Structures are given as structure tokens and as C-alpha cells.
Amino acid sequence: MQQEFFKIAPALEEKAKQAEEMCREPFRRIEEICEYNQLKVLSAFIKNNVSEYHLHGTTGYGYDDRGRDTLDAVFAQAMGCEDALVRHTFVSGTHALVTALFGVLRTGDTMVSLTGRPYDTLEEAIGLRGENNGSLKEFGVHYREVPMAGEAPDYEKIPEACVGAKVAYIQRSRGYSLRPSLSVAEVGRMAKLAREKNPDIVVMVDNCYGEFVEEQEPTQVGADLIIGSLIKNPGGGLARTGGYIAGKAKWVEQCAYRLTAPGMGKEVGCTLEQNRELFMGLFYAPTTTANALKTAVFASALFELLGFGVTPRFDELRADIIQAVQLGNPEGLIAFCQGIQKGAAVDAYVAPEPWDMPGYDSQVIMAAGAFTMGASIELSADAPLREPYAAWMQGGLIYPAAKMGVMLAAQSMLEKGLLPEISH
């Protein structure tokens, strides 16, 4: 069928068929979780009496914006928590994370990262890089971290590391590393250990890429706050911008004071005409996330058959939508990303190249032909140009289209002579 539209080497087509056959059981598991989460979200919409009125926006100060307040309530119920702050004014997941950190932490407090060094874009916000930039360090907040014990958190060191700390920070996703992403159960275990010697510690989870991958969210197993981006899973491919903070009402309120102003918090902030997209995005999110997961599973199976290291493997249980493929050299990494770009509905003609990107200490290549710029719930792949020369792939709004994007990545490598065992 695809030969009518895309020219894929016959030998590569056969590998793709074999890979998809391997994926039957993982696909079935993904579909079961998807149905559970889709009904959970539907129930949240119905119980909060979402109406056509809520889909419109306000201007100015946004007082009494019933759509905004109802969206917060729907989101909180879907995430299994007390309250949520869902706003199009968050410019990125990093912005939402930094808002949460500054909302909870005060001068003299300590933040301890339980998953080693956080994602690159948080390093300057914490104060691990840069000077005089308004970081937590500059405001007198202390930082320490518990290095990963190989590929897993160092569970034994967590209780002692949390003594005297205000925030225990957990990054659920792998970031630019090859360690496994953390399941909801593992996050729950870490939260319990963090409170062994510090019952009042605030457990904060970077939930990016993990929403709706499992039937529960970290707020249902002990996390006080979860934070993420709406141009990832929970925006369902429809949100054009935004982020969220969800969890215990006390801490969500503190974060809202940081986002707007003390005394105003969640009571202000006009929604313009963003509500419809945010409501629809949340409604689509479980099914869109399932399509992204299927894409990742297929990519894992295909590239394992082609002889590359992959993590996670196609049949492993997943905690997020990210698939890492170890290409082994810069040429393979660049060819892979350029092939992913060829499968995009938008800007497929563009050939991505490595470049110096703000917030990163290495050149980064990004394949991101998307309806929303930078939306990693749409098929994308990115990586810093450094060892181990792995591509971190994520997204896929529609599985058949995203599957072709993965095949075009392999085809791109084949055309550059980087798949010697496969003939044209």
C-alpha cells in the first residue's frame, strides 16, 4: 500500500512487517490502558458539567472565568488530585517546573533531586550553570542530589538525603540519558522513602511525557505536585501552548501566587480563546498518547531488528512515550533525525542540522515537523551531538502516519549506507 506514496526498500518493508507482528501483545496492552484512561477523562468532563459556555475565553483580568476554573477541576479529577493550575500562559514545561519550584521553595530551603542531575534546561534555573540570572541558588535555595545507582534510583540513600530538605524532586522521564523512565509505582516507592525521616517533605514530580501512559498518575501514589507541558501528552496534539501544575490544593495555590501575584493566584488570568483547544486536547489525550506509545514500540522493534541498541525494548512495560535508539555515530544520528523529518505533515522538505540551542551545553539536532512548534506529542526526535549518539524519539498523533515516519528514518540511514545488512 505504501509504495503508492513512499518508496521504501523491499527488504526494509519486510523488517517493518516483522516488527509490527512482534508488537501485537504490547499494542493490546496499550489499548487496554487507553480505554481506561479515556473513560476516566470522559467521566471527569461529565461530572464537572462541562458545557459549550466553558469553551469560550475571557479578556482583561479574567475574573470569574468559569471555563478556566472548570478546566482546572476536570484536569485535577483526571489526574486523581485535589486541584490543578492549567494555563496557556506557561510557555513550556520548564516554565511550569520553575514556577512550581519558586512557588514552594524559600530562602534557606533545600531541594534534593532523587534522580540525579535534572534535565538540561533546569540547570540554569537551579543554579548549576550560569550566574546572576535569578536562579534558585541566587535566591539562597540550597541544592543537592542523589546520583542514580546505575540505571535505577539509589533507593537506600533517599531517606537520609531528604533529612532537612523542603522539596524532594523526581524526574520521571529519562531526559537525555539511557536510564529507564520511572513508573508510577517506582515514584510511589520514592515518595514513601522520602518521608521516612522527613514526613513534611514536598514530593514534586516532573511528569513530562508520562501522562496517561499508565492507569494512575504520581499524585495517586504519594506525590504532592506533578508538573508538565500541554504540548506533550495532556494537550492531545491540540493545545498550541501551555503547561500545568496539579496536586494538593495548598501547594497548587502557592504556585498560582508565583505565576500571577500573591493574593491573586488562580483568580486572575484571562483565557482569550484558548479554552476550547485545552478542553479538546485533554479529551483526546489518552488516545493520542496511545498512538505515540504504539509508534515508540514499533520503532523499538524495527531498530532492534536492524541491529541497534534500543531502550526500552518493544515488549517492556513503559512509563513514558520516549524511545531511545543508539545510532553509534554522528552520521547515523543526523540521518535518523532527517528521516523522521521526512515523515512530518509539516516541513517535511526541511533537513534538520545540529545547532547551538539555548539551555543546552552541546549542539542539538531536532526533527520536529509539527502543527505546533516544538510539540513532542507529535512525531519528533532530538538529541545532543555527543556520546552515545542516541536519538530520543517521541510522539505520533496518528499511528499509521507516525509508523511511516519511523520507516523513513530507517530508509534515510539506508540511503547513506548506514544499514549495511539491508539492500536497497
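Residues numbered from 1 in each chain as written. Predicted model: local features only at pLDDT ≥ 70, side-chain atom pairs only at ≥ 80, totals over all residues. Heavy atoms only, no water.

> I would appreciate a short explanation of a nonpolar patch on the surface in the present structure.
Taken together, the side chains of L39, L42, I46, L238, F283 and Y284 present a nonpolar region at the surface, about 530 Å² in accessible area. Inspection of the secondary structure puts L42 in helix α2 (residues 24-47). (Patch = residues over 30% accessible without salt bridge, like charges linked within 9 Å, V, L, I, M, F, W, Y side chains within 5 Å. Areas by Shrake-Rupley, 256 points an atom, 1.4 Å probe, with all protein chains shown as cover. Salt bridge = Lys/Arg side-chain N within 4 Å of Asp/Glu carboxyl O. Helix = DSSP H or I, 4+ residues; strand = E, 2+ residues; numbered from the N terminus.)

> Explain the side chain of E217 to me, please; I cannot follow it from the model alone.
Inspection of the secondary structure assignment puts E217 in the loop between β5 (202-206) and β6 (225-229). Polar side-chain contacts of E217 include one of 2.9 Å to the backbone nitrogen of F212. Other than its neighbours up to four places away in sequence, E217 contacts M79, R172, V184, N207, G210, E211, F212 and I226. (Polar contact = N/O pair within 3.5 Å; in protein donor to acceptor, adjacent residues only side chain to side chain. Contact = heavy atoms within 4.5 Å.)

> Whenever I open this one, α2 confuses me. Can you help?
Compared with the 34 Å implied by 1.5 Å per residue over 24 residues, the 35 Å span of α2 between its first and last C-alpha is a close match. Those residues of α2 not exposed but buried are P26, F27, I30, I33, C34, N37, Q38, K40, V41, A44 and F45. Against the buried residues of α2 lie α1 (10-22), α3 (66-79), α9 (275-305) and α11 (399-415). N49 sits one or two residues past α2 and shows a positive phi near 55 degrees. (Expected span 1.5 Å × (residues − 1). Buried < 20%, exposed > 50% of the residue type's maximum accessible area, 1.4 Å probe, protein only.)

> Is there a simple way to think about unusual backbone geometry in this case?
Trans is the prevailing form of peptide bonds, just as negative phi is the prevailing case for residues other than glycine. Cis geometry marks the peptide bond from T311 to P312, where omega comes out at 0 degrees. One non-glycine residue, L272, adopts positive backbone phi at about 50 degrees. Considering the arrangement of structural elements, one finds L272 in the loop between α8 (249-259) and α9. The exposure class of L272 is partly exposed, given its relative accessible area of 42%. With phi around 65 degrees, D347 is a residue other than glycine that occupies positive phi space. Along the polypeptide, D347 turns up in the loop between α10 (330-342) and β10 (355-356).

> When you look at the nonpolar core in this model, what are you seeing that I'm missing?
A general trend in soluble globular proteins is that nonpolar side chains are found buried together. Ranked by size, the top nonpolar core spans 62 residues in total, and within it F303, L306 and F336 carry the most contacts. When residues of this core are assigned to their parent elements, the largest contribution, 10 residues, is made by α11. Setting aside anything within four residues of it in sequence, one finds L306 in contact with L12, K15, A410, L419, E421 and I422. Counting 42 residues, the second largest nonpolar core, distinct from the first, contains I158, C162, V205 and A285. (Core = buried A, V, L, I, M, F, W, Y, C linked by side-chain atoms within 4.5 Å.)

> Before we go on, may I ask you to explain the packing of aromatic side chains in this structure?
The relative placement of two aromatic rings is captured by the distance of their centres and the angle of their planes. Overall, the coordinates contain 10 aromatic pairs when judged by the stated rule. Seen from their ring centres, Y61 and Y63 are 5.4 Å apart, and the 35 degrees between their planes marks the pair as tilted. Judged by relative accessible area, Y61 falls into the exposed class, the value being 61%. Residue classification places Y63 among the exposed positions, given a relative accessible area of 52%. Aromatic pair F75 and Y244: ring centres 4.7 Å apart, planes at 45 degrees, arrangement tilted. One end of the pair, F75, is in helix α3; the other, Y244, is in strand β7 (residues 243-247), with 169 residues separating them in the sequence. Both residues of the pair, F75 and Y244, belong to the buried class. Linked through ring pairs, F45, F279, F283 and Y284 together constitute an aromatic cluster. The ring of F27 carries K294 above its face, with NZ or CZ at 5.6 Å from the centroid. Its guanidinium or amino end placed over the ring of F298, K403 lies 5.9 Å from that ring's centre, counting from NZ or CZ. (Phe/Tyr/Trp six-rings, centres within 6.5 Å; stacked < 30°, edge-to-face > 60°. Lys NZ or Arg CZ within 6 Å of the ring centre and 35° of its normal.)

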